[in-house]
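Listed below, chain by chain, are the residues.
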Amino acid sequence: MSEFLLDIENLKTHFTVRMGNLLARQHGVLRAVDGVSLHMKKGEVLGLVGESGCGKSTLARTVVRLIPPTEGAVRFDGMDLTTLSPSLFRKLRPRMQMIFQDPYASLNPRRTVYDTLAEPMLAHAIHPRKTIPRIAGELMEKTGLSRRDVRKYPHEFSGGQRQRIAIARAIALQPSLILADEPVSALDVSVQAQILNLLRALQKEMGLTLMLISHDLAVVRYMSQRIAVMYFGKIVELGTTNDVFAHPLHPYTRALIRAVPVPDPPSERSTFFSPLKGDPPSPLNPPTGCPFHPRCPHATNECQQNAPILTEHFPHHTAACLHVNKIHTLPI
Amino acid sequence: MPLLTVKNLRTYFHTRNGIVRAVDKVSFSMEPGETLGIVGESGSGKSVTMYSLLGLIPSPPGRIEEGVALFDGEDLLTASKNTLRSLRGKRIAMIFQDPMTALNPYMRIGAQVMEPLLVHEGCSRNEARRRAAEVLTQVGIQDAAARMDRYPHEFSGGMRQRVMIAMALITHPDLLIADEPTTALDVTVQAQVLELIRERQRDLGMAMILVTHNLGVVAGACKHVLVMYAGRVLESGPVHDIFHDPRHPYTRALMQSMPSLSDTSDTLFTIPGQPPDLSASFTGCPFAPRCHLAKDYCSDIPCTLEEVWPGHATACVRTLRNEL
């Protein structure tokens, strides 16, 4: 029995895409997730950050087998999900749940909240049928909604309330693992704070293992104990929240931290500080060597040729950069 | 002389479920070259205010009930369609939030960027093409001449937003309205785009209204700020005063509920409840039901924006009575 609840080992998810025009059709390989290893202890909150298109959502979806993996292993409680038969996987499935970004799209508009909450409980038959109405009411209250509203339809709720419903649905089966994919990015600031506090309270109370995917560093910092930074399908830095924010090792992490606009007006109004030039590279035409080198301010010739591997530079703090020794002493 | 003065703007939507008071007595004014930030959550009336100025409110159900918006002496709210058409895209340009839906997917990038010149300045096609390539280069699109023949879907989000900026700036407008220009973008790209807008703004000496819900963006880009809630302006003032000495409980609550990179406190401050339903009428402060400092009379006394300090105004009755 492994000490980890979730054990992702060298996971790869590649997609075949068609390129070129009708006459000169080619097939390309898009490496959305390209060799990710991550281990999560029971009860841990891990924040996964990165720009859009870096593969963070694909990673989460591959873990719960919404997308089949190309290579690698995902062990949940010691069992490899990638090779598990569908019927055995179905038995495990209640223990891992997802919360999606858009509460307007992730709830069925034609079903009452009760139907939405009851469905997973009926499908997996984890509670006696008779107790479901009571449990649905409890779930509503647990997530800060009114028990009476259980017969309403999603359109009768605001965005924040819908996200509460999505959370209620996710915890209905008393899962051990929750993968939350940008759970607050569609919400307003004041509502975002409510949802984050709710997620954090539930995580503590139920001892949930939570993978929080977000592009918002402040959100991730508030919620997580450890942070994984993803770029171009790979983890480029992994460490405790404090280490990653206080001593970021990878130039990409440093750039992400610097790019967050600070809600404090500068005394002299100069310019915005944009630490990175250019856009992320095309995943169909990956750069040689380190995928970050075309945008990296510290890149050398070596970076164009050799791809760095994720190495532990400090205890429990790993990064994939050839120049960590040079960079980590620089001020952020 | 101010470039734009808006007084008592009220835009209502007459729907089957009643009258939605989307913008209710909004007033502000701005000087040439100034940057004004408008912050507020969704539904606070930021975008409707901007659309009202440009005559882009769908009518029906929308109707401008009252107000004046003087732009260089001309009232935008009563101006004829032709006058508005000659101003929009020429002297007043707008950047929208989502560059994918704001660009025409069937038109080549070059043709879209050239269009304002062909419409407003009667340029020849060759001249327009040359200038479009120049502007696209200025906004950081490499190899602009060749890329002008591409379609929007061939560009990334950040690149599309650059195209929108190029389109907005090509006629050297006096006023740029940027409605959430970076909300759809990643932080690193957001920083690039904001820097670009500021740079171009300085070069052209144009005024800008930056509509956003991101307080960090406002702090970095604006000189003056309006804080909107439920269709009204609750506080307005210089950016320093708003951030360091906010005089409305809503502004304070908004700032406290943002998770920040420096703060590692255990629970986030939250504002209880939901924004009010704008189809219900209320007399007092719209924030009163959610405000932890509210007294009974807050919901009864009509609240109007008044100065607490020259240039810094609040609509909080208790602040104005010196109770807070």
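Structure: see above.
Structural notes, computed from the coordinates. (Residues numbered from 1 in each chain as written. Chains lettered and ligands numbered in written order. Predicted model: local features only at pLDDT ≥ 70, side-chain atom pairs only at ≥ 80, totals over all residues. Heavy atoms only, no water.)

### Side note on unusual backbone geometry
Residues and elements named next belong to chain B. The linkage connecting S59 with the following residue, P60, adopts the cis geometry, with an omega of -10°. Summarising the element assignment, P60 is placed in the loop between α1 (46–53) and β4 (62–71). Even without glycine at this site, D72 takes up a positive phi of about 50°. (Helix = DSSP H or I, 4+ residues; strand = E, 2+ residues; numbered from the N terminus.)

### Describing the interface of chain A and chain B
Each side of the interface is counted separately: chain A has 45 residues, and chain B has 47 residues. For the chain A and chain B pair, buried surface summed over both sides reaches about 3900 Å², with 57% attributable to carbon and sulfur atoms. Taken together, chain A and chain B are joined by zero salt bridges. Applying the counting criterion to the chain A and chain B interface returns five residue pairs in polar contact (both at pLDDT 80 or more). (Contact = heavy atoms within 4.5 Å. Buried area = accessible area lost by both parts, 1.4 Å probe. Salt bridge = Lys/Arg side-chain N within 4 Å of Asp/Glu carboxyl O. Polar contact = N/O pair within 3.5 Å; in protein donor to acceptor, adjacent residues only side chain to side chain.)

### Points about the packing of aromatic side chains
By the definition in use, this model includes eight aromatic pairs over all chains. Measuring from centroid to centroid gives 4.5 Å for Y231 of chain A and Y252 of chain A, while their planes differ by 50°, and the two rings are tilted. One end of the pair, Y231 of chain A, is in strand β9 (residues 226–231); the other, Y252 of chain A, is in helix α9 (residues 251–259), and 21 residues separate them in sequence. In this structure Y252 of chain A comes out as buried when scored by relative accessible area, which is 0%. Plain terms: the ring middles of Y229 of chain B and F287 of chain B are 5.4 Å apart, the flat faces sit at 85° to each other, and that makes the pair edge-to-face. (Phe/Tyr/Trp six-rings, centres within 6.5 Å; stacked < 30°, edge-to-face > 60°. Buried < 20%, exposed > 50% of the residue type's maximum accessible area, 1.4 Å probe, protein only.)

### Here we look at the environment of V64 of chain A
Residue and element names in this part refer to chain A. Tracing the sequence through the fold places V64 in the loop between α1 (56–63) and β4 (71–76). By relative accessible area, which is 1% here, V64 ends up buried. The sequence separation of V64 and F76 amounts to 12 residues, and the corresponding C-alpha distance is 9.9 Å. Apart from the residues lying within four places of it in its own chain, the contact partners of V64 are F89, R93, M96, M98 and L179.

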